[in-house]
Amino acid sequence: MALQTAALVILAQNYAGDIVRQINRRATTLSLLKKISGEGKNVAWAAQGDGADAEAYAEGADASNFTVDSQAGAIVPWAFYRSNFSVSGFAKAASRTSRTPEGNIELLARDLVDASAALADKVNKALFTGQSGQTPGQIVGLDEAIGLTNNTYATIDRSSGSNAFFRPYVADPGSSTALTFAQIRLDLASIMKKGGVKPNVALVGPETFNAVGALFDPAKFYMYQTMKVMGGAGEIELEGGVGAIKFDGCYFVEDKDATEGKIYYINTDTVDVNYLPLVDLDGDDESQEAMMTDGVEAIPLGMRVEVLARTGDADKVMLKTYAQLRVRRPNQCGVRKNVAYA
């Protein structure tokens, strides 16, 4: 008598529980920064520099010296980001009639969430490394906005001495250098002298975060995996394994997308993410505005959901956003480079 094995039996394949996501698309910095509804064909603000002066004068002397602060228009173009997906009619029918995994039963909804997380992840990466002058256009990231002092940012040439007011603080020892408390205190004090306030958030990569934490290890100082941080939109709770350390009033927050070996000091009152909202004035816009998510946080960034024209037995959907990073006061921000982290 032959042994009947599992290979000879036709059984339905069931999967335990929901689908387990393996990809880290956490958009920490995008969640942390304030989101501002913008307008028009670009992101623009007026930057006021130096020029006004004051003087001591003799009794009764006539006024002869007249001075005013300078002004410059800062302009950054919008960047367009999207995530597209397509689902066949058969895939929808098969998923609706399968009991497991539960996350695939509503396949369109599942793909919508996944595409939204991919879009949030893309934008979050651009907040650090996006560059101006690219085709297609990108978000102008922190590496360019606050990591350089002699470039042109938002159409203002910072290599010119007359525009020194628009320069960030940049510390670069020139080679990989071990981090110290003295360096951090110097950074915070230098930014305070330039911009009038200390930065309240310092963004770092996970390995650089470990280098910061190592400074506290001998004293077993506090490190948290989940804590509340004062961000641009108020106090937020960092969840999903995000770490933070508070030092001299500045929260060091780890972001998977921050460039390792750098510390990005920002003032969340003057650094924000702008977006163009959905405006349907004539009633013929078929797109819908939805909340973006990175799988942990809901992110209001004017995300549009558009169902594209069908070509064959498939639904096509595009998620898009028009967004841009705005650093209104670079002199309240800065970057320390070449931080040893290995």
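What counts and what doesn't
Residues numbered from 1 in each chain as written. Predicted model: local features only at pLDDT ≥ 70, side-chain atom pairs only at ≥ 80, totals over all residues. Heavy atoms only, no water. Phe/Tyr/Trp six-rings, centres within 6.5 Å; stacked < 30°, edge-to-face > 60°. Helix = DSSP H or I, 4+ residues; strand = E, 2+ residues; numbered from the N terminus. Buried < 20%, exposed > 50% of the residue type's maximum accessible area, 1.4 Å probe, protein only. Salt bridge = Lys/Arg side-chain N within 4 Å of Asp/Glu carboxyl O.

Participant: Explain the packing of aromatic side chains here, please?
Facilitator: Any aromatic ring pair is given by two values, namely how distant the centres are and how the planes are angled relative to each other. Enumeration according to the criterion identifies 9 aromatic pairs in this entry. A centroid spacing of 5.2 Å and a plane angle of 65° characterise the contact between Phe80 and Tyr322, whose relative ring orientation is edge-to-face. Taken together, the residues span a long stretch of sequence, with Phe80 in strand β4 (residues 79–88) and Tyr322 in strand β17 (residues 314–327) at a distance of 242 residues. With a centroid separation of 6.3 Å and 80° between ring planes, the pair formed by Phe252 and Tyr265 is classed as edge-to-face. Pair noted here: Phe252 is in strand β12 (residues 250–254) and Tyr265 is in strand β13 (residues 263–266), with a separation of 13 residues, a long-range link. Comparing Phe252 with Tyr265, the two get one shared label, buried. Through a chain of ring-to-ring contacts, the aromatic side chains of Trp45, Tyr153, Phe165 and Phe166 assemble into a single cluster.

Participant: What's the story with the pattern of salt bridges in this structure? I'm lost.
Facilitator: Any two side chains of opposite charge can pair, so long as their charged atoms come close to each other. The final tally for this structure, using the stated rule, is 12 salt bridges. Ionic pairing is found between Asp121 and Lys125, a salt bridge with its closest N-O pair at 2.7 Å. Here Lys125 and Asp121 lie together in helix α3 (residues 107–129), a separation of 4 residues that amounts to about one turn. Taking the relative accessible area as the measure of exposure, Lys125 reaches 34% and is therefore partly exposed. A salt bridge links Lys320 to Glu306; its shortest N-O distance comes to 2.9 Å. Residue Lys320 is located in strand β17, and its partner Glu306 is located in strand β16 (residues 298–308); the two are separated by 14 residues in the primary sequence. In this structure, Lys320 and Glu306 share a single accessibility class: buried. Residues joined by salt bridges that share partners form a network here, namely Asp121, Lys125, Lys256 and Asp257.

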